[in-house]
Amino acid sequence: MRLAQNKINLKRVSLGLVLLMVAMLVATVPTGSAEVKAATTPPKTGLICTTGTSPNPTFSLTAQSGYITLPDGNISFMWSYAPTGGTFQLPGPFLCVNEGDLVTIVLNNKLPEDTSIVIPGMEGVMANGVAAQPQFDTTNTLTSLTNVAKANGGSITYTFTAGMPGTYLYESGTDEGKQVNMGLFGALIVRPKATGLPVIPGTAYAYNRADSIYNAGNEYVMITSELDPALHQAVENGQAYDITQNHPRYWMINGRSFPDTIADNGAAWLTTQPYGAMVHMQPYDPSATSAYHYPAMVHYLNVGMLNHPFHPHGNHGRVIGRDARPLASPAGDDLSYEKFLILLGSGQTWDVLYQWSDEYHWNAATNPIPVTVPQLQNLTFKGGITWYSGSPYLGVQDGLPTGTTSYNQCGEYYQVWHSHALNEAANYDLGFGGMFTLQRIDPPMAQQVSNNRLCN
């Protein structure tokens, strides 16, 4: 770990604190996808899939070292899986394949020790053409959960048939306490065949079930992880580290800590951390021809050693899958359920649907909020900067104190999503930060057009 605090990053921390206060204020108001190659111009928010050519997609990854930046100005030495021939990134690419594909992953190893890839829950994995097996040394001590790519230039090829659709972790199966903490992890999404299910433009299915439909344009991945700077410094310096003394200081989603979590995919200052974690949506639309008639999909994956209680403010979610298995009875009955706070267990994946409804349709003229709205002079805009629109009504922008800069674009709302273990909403024990992001709710398109102010 190298300390490099500077004024720019201090400003980013301040902006994060401002955004938090505004988000919490606003939260008090009631309130058959086709595969594509990794986008050269990524969407600002949402899942960026890296794909191969179905039915035989091939991915080439290289385990290598690099650095990431943290919101308090620190820089951390990391390991990760990068696309072979590409640049270092954390986490590894989000791989998307189709159910039944014969998938090949070639792992090249530039690290100074053996490493590997395991995909918990995926059956029938082969390594260099033979069944993948745990590895033992000459004393019969387990050295790896699967076959390895040897240190300093080794390579291994894993193949498997993509089985049950759903969300999978891929991560190192070698010295996991150390290597996964160092950053050797990513996400694998298996798309269902969805045979016989209705084809509705703009939607997709998570499983081979009609009730797993979601808005394909509102799909998100959130990988939670922890970072102990002492481990990373020890590895960088070639020193020993006792994993039983692991003490995380940074709490991350998709390899970023708040406020970097809400930055766009591909943010220019996060060159090795390409994936944002802000959920961006519009209110529920009763018209079945609208994409916003269907919920957003969030794929949660926890690669950390700790469990994380995670929840959005102002929204329940519907849990439809766990560990790449739909919540259904043997007879196919729907066993999904609504949940406010989900406990992301270590190593687990969850598939959860979210929809934001403008339940009360508050309107300043015809249906005003039946409580006293705080006067502007009672609000604090730290540093004179805010994302607040100046109005508690969706799609409305109003005046702010003279000298205040608002980044609100179109009267949108922001709601907080975070780990409810509040020590994890911090960067090196200083809040707010860490495992924390936002949900952005734009006004309906018709209202944007009526206002002559389009969100972007």
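Residues numbered from 1 in each chain as written. Predicted model: local features only at pLDDT ≥ 70, side-chain atom pairs only at ≥ 80, totals over all residues. Heavy atoms only, no water.

Taking an unreviewed UniProt entry as the reference, the chain is identified by name as Multicopper oxidase domain-containing protein belonging to Candidatus Chlorohelix allophototropha.

K.L.:
Would you mind going over the overall build of the chain with me for this structure?
P.N.:
From N to C terminus, the chain includes four helices and 27 strands. Relative to the compact-globule value of 23 Å for 456 residues, the chain shows a C-alpha radius of gyration of 23 Å, a close match. Split into buried and exposed, the 456 residues of the chain put 53% on the buried side. Only carbon and sulfur atoms are counted for the fraction: they give 55% of the accessible area of the chain, which is about 19,300 Å². (Helix = DSSP H or I, 4+ residues; strand = E, 2+ residues; numbered from the N terminus. Rg over C-alpha atoms; globule rule 2.2 N^0.38 Å. Buried < 20%, exposed > 50% of the residue type's maximum accessible area, 1.4 Å probe, protein only. Areas by Shrake-Rupley, 256 points an atom, 1.4 Å probe, with all protein chains shown as cover.)

K.L.:
Before we go on, may I ask you to explain the state of the cysteines in this structure?
P.N.:
Disulfide: a covalent bond connecting the sulfur atoms of a pair of cysteines. This model, assessed by the stated rule, comprises two disulfides. Between the sulfur atoms of Cys49 and its disulfide partner Cys96 the distance amounts to 1.9 Å. Across the disulfide from Cys49 to Cys96, rotation about the S-S bond amounts to roughly -70°, and the bridge is consequently left-handed. Linking Cys49 in the loop between α1 (7-27) and β1 (58-69) with Cys96 in strand β3 (residues 94-98), this pair joins segments that are 47 residues apart in sequence. Residue classification places Cys96 among the buried positions, given a relative accessible area of 1%. Here Cys410 engages in a disulfide with Cys455; their sulfurs sit 1.9 Å apart. Disulfide Cys410 to Cys455: torsion about the S-S bond roughly 105°, handedness right-handed. Residue Cys410 is found in the loop between β25 (405-406) and β26 (413-419), and its partner Cys455 is found in the segment after α4 (445-451); the two are separated by 45 residues along the sequence. With relative accessibility at 2%, the residue Cys410 sits in the buried group. By relative accessible area, Cys455 is classed as buried at 14%. When the cysteines of the chain that form disulfides are numbered from the N-terminus onward, they connect as 1-2, 3-4. (Disulfide = S-S within 2.5 Å.)

K.L.:
Please clarify how the pattern of salt bridges should be interpreted in this entry.
P.N.:
Two side chains that carry opposite charge are able to pair once their charged atoms sit near each other. Inspection of every chain in the model, using the stated rule, returns seven salt bridges. With a closest N to O distance of 2.9 Å, Arg209 and Asp211 form a salt bridge. We note a salt bridge from Arg440 to Glu412, for which the minimum N-O separation is 3.9 Å. In this pair, Arg440 sits in strand β27 (residues 436-441) while Glu412 sits in the loop between β25 and β26, placing the two residues 28 residues apart along the sequence. The exposure classification of Arg440 matches that of Glu412, with both residues buried. Residues joined by salt bridges that share partners form a network here, namely Glu412, Arg440 and Asp442. (Salt bridge = Lys/Arg side-chain N within 4 Å of Asp/Glu carboxyl O.)

K.L.:
So what exactly am I meant to see when it comes to the sheet that holds β26 here?
P.N.:
Adjacent strands of a sheet pair through backbone hydrogen bonds, lying either parallel or antiparallel. If you trace the five strands from one edge of the open sheet to the other, you get β16-β27-β26-β18-β22, paired in mixed fashion. What marks the edges here is a single partner per strand, and that holds for β16 (279-281) and β22 (342-344). Within the sheet, the average angular offset between the axes of one strand and its neighbour, ignoring direction, is 20°. Alignment of strand β18 (residues 308-312) against β22, held across three bridges, turns out to be antiparallel. Bridge pairing in β22 places His308 opposite Leu344. (Pairing = 2+ DSSP bridges. Axes fitted to C-alpha atoms, helices over the stretch in contact; angles between N-to-C directions.)

K.L.:
Looking at this model, I keep getting lost on the sheet that holds strand β2 (residues 75-83). Mind explaining?
P.N.:
As summarised here, the arrangement of the six strands in space is β2-β1-β4-β9-β5-β6, forming an open sheet in which the pairing is mixed. Each end of this open sheet is capped by a strand with a single partner; those strands are β2 and β6 (130-131). In this structure, strand β4 (residues 102-109) lies alongside strand β9 (residues 155-161), joined through seven bridges in antiparallel fashion. Its bridge partner lying in β9, Val103 is registered against Phe160. Helix α3 (residues 229-236) rests against β1 and β2 of the sheet, and its axis sits at about 75° to β2. (Contact = heavy atoms within 4.5 Å.)

K.L.:
How do you make sense of the UniProt feature "domain: Plastocyanin-like" (unreviewed entry) in the chain when you look at a structure like this?
P.N.:
Look at the UniProt record and you will see "domain: Plastocyanin-like" (unreviewed entry) annotated at residues 89-194. Taken end to end, residues 89-194 is 7% helix and 40% strand, and its first and last C-alpha atoms sit 32 Å apart. (UniProt positions renumbered as here; feature names shortened; annotations may be inferred.)

K.L.:
What is the right way to read empty space enclosed by the protein from this model?
P.N.:
The rolling of a water-molecule-sized probe over the atoms marks out the regions of remaining empty space. When its volume is computed, the largest cavity comes out at roughly 60 Å³. Around the largest cavity sit Gly46, Leu47, Ile48, Phe94, Tyr220, Val221, Asn254, Asn265, Tyr275, Gly276, Ala277 and Met278, which together line it. Of the residues assigned to the lining of the largest cavity, the class counts are eight nonpolar, four polar and no charged. (1 Å grid on protein atoms, 1.4 Å probe; cavity = no way out; pocket = protein on both sides within 12 Å on 5 of 7 lines; lining within 4 Å. Points joined across faces, edges and corners; volume = space filled by probe spheres on them. Nonpolar A, V, L, I, M, F, W, Y, C, P; charged D, E, K, R; others polar.)

K.L.:
How should I be thinking about the pairing of strand β23 (residues 349-354) in this particular structure?
P.N.:
Strand residues, when the strand is regular, have side chains that alternate between the two faces of the sheet. Summarising burial for β23: six of the six residues are buried, a large majority. Of the two faces of β23, the one carrying Thr349, Asp351 and Leu353 and the one carrying Trp350, Val352 and Tyr354 are both buried. When strand β17 (residues 296-302) meets β23, the two strands line up antiparallel, connected through six bridges. Considered in β23, the bridge of Met297 is made with Leu353. Pairing geometry for strand β19 (residues 317-322) and β23, over four bridges, is antiparallel. Counted as the bridge partner of Gly321 is Asp351 from β23.

K.L.:
I would appreciate a short explanation of the nonpolar core in the present structure.
P.N.:
Buried together is how nonpolar side chains tend to be arranged in soluble globular proteins. Tyr81, Ile105, Leu107, Ile117, Ile119, Tyr170 and Leu188 are the most contacted members of the largest nonpolar core, which totals 30 residues. Of all the secondary structure elements, the ones that give two or more residues to this core are β1, β2, β3, β4, β9, β10 (166-171), β11 (185-191) and α3. Among residues more than four places away in sequence, those in contact with Ile105 are Phe59, Leu61, Leu95, Ile117, Ile119, Ile156, Thr157, Tyr158 and Phe160. Core analysis: the next-biggest nonpolar cluster, separate from the first, contains 24 residues, Ala277, Ala296, Val298 and Leu394 among them. (Core = buried A, V, L, I, M, F, W, Y, C linked by side-chain atoms within 4.5 Å.)

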